[in-house]
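Topology and contacts: notes
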Amino acid sequence: MSAANLQLPPGFRFHPTDDELVMHYLCRKCACLSIAVPIIAEIDLYKYDPWQLPGLALYGEKEWYFFSPRDRKYPNGSRPNRAAGHGYWKATGADKPIGHPKAVGIKKALVFYSGKAPRGEKTNWIMHEYRLADVDRSARKKNNSLRFQGNYQMEPMSEVFAYMTKPF
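Residues numbered from 1 in each chain as written. Predicted model: local features only at pLDDT ≥ 70, side-chain atom pairs only at ≥ 80, totals over all residues. Heavy atoms only, no water.

1. Examining the pattern of salt bridges
For the structure shown, the criterion picks out 6 salt bridges. The residue Lys96 makes a salt bridge to Asp18 at a minimum N-O spacing of 2.9 Å. Of this pair, Lys96 sits in strand S4 (residues 87-98) while Asp18 is found in helix H1 (residues 18-30), placing the two residues 78 residues apart along the sequence. You can call Asp18 buried: its relative accessible area is 15%. Notably, a salt bridge pairs Asp95 with Arg131, separated by 3.8 Å at the nearest N-O pair. Placement of the pair is Asp95 in strand S4 and Arg131 in strand S6 (residues 121-132), with a sequence separation of 36 residues. The exposure class of Asp95 is partly exposed, given its relative accessible area of 35%. Connected through salt bridges with shared partners, the residues Asp18, Lys96 and Lys107 form a single ionic network. (Salt bridge = Lys/Arg side-chain N within 4 Å of Asp/Glu carboxyl O. Helix = DSSP H or I, 4+ residues; strand = E, 2+ residues; numbered from the N terminus. Buried < 20%, exposed > 50% of the residue type's maximum accessible area, 1.4 Å probe, protein only.)

See the structure below:
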């Protein structure tokens, strides 16, 4: 579905809070529940440079939203591989818990560096990565899905919710 195919009312703005992003979009996606307006594209954002991503988004002018798999640096490890396009995403700052009183999700800020680590050149592209807080990443089932603590399942494609902002 493209942005032109979305049936949005005049004056529609998509500016969800962190809690709304995690509870109404990421949790629903991970539980294989439908989202009322399919406004968030599913892509592997680590295959692209950040300046290519706005053209792949379903909606947005200065901010774009994506569901994306979280690639692993090592097959049996939990360390993420954030190499992307002609560079890499580097985490910056502290993780922010989302949800109260118990954290449901985690928000992480990342900055894009062009080139190879550790000598990459910092750019002005920023991404906010949202992921669920209580996902057991070590317990893989036969069908390659991940498990929540409990009996819920989540497809690997839905593990990360990324929010991109236009460079300043």
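That was the structure; now back to the text.
2. As for the side chain of Ser68
Summarising the element assignment, Ser68 is placed in strand S2 (residues 63-68). Judged by relative accessible area, which is 0%, Ser68 ranks as buried. Reaching out from Ser68, the side chain makes a polar contact with the backbone oxygen of Ile43 at a distance of 3.1 Å. One polar contact links the side chain of Ser68 to the main-chain amide nitrogen of Leu45, over a distance of 3.2 Å. (Polar contact = N/O pair within 3.5 Å; in protein donor to acceptor, adjacent residues only side chain to side chain.)

Shape is all these values report; function is a separate question.
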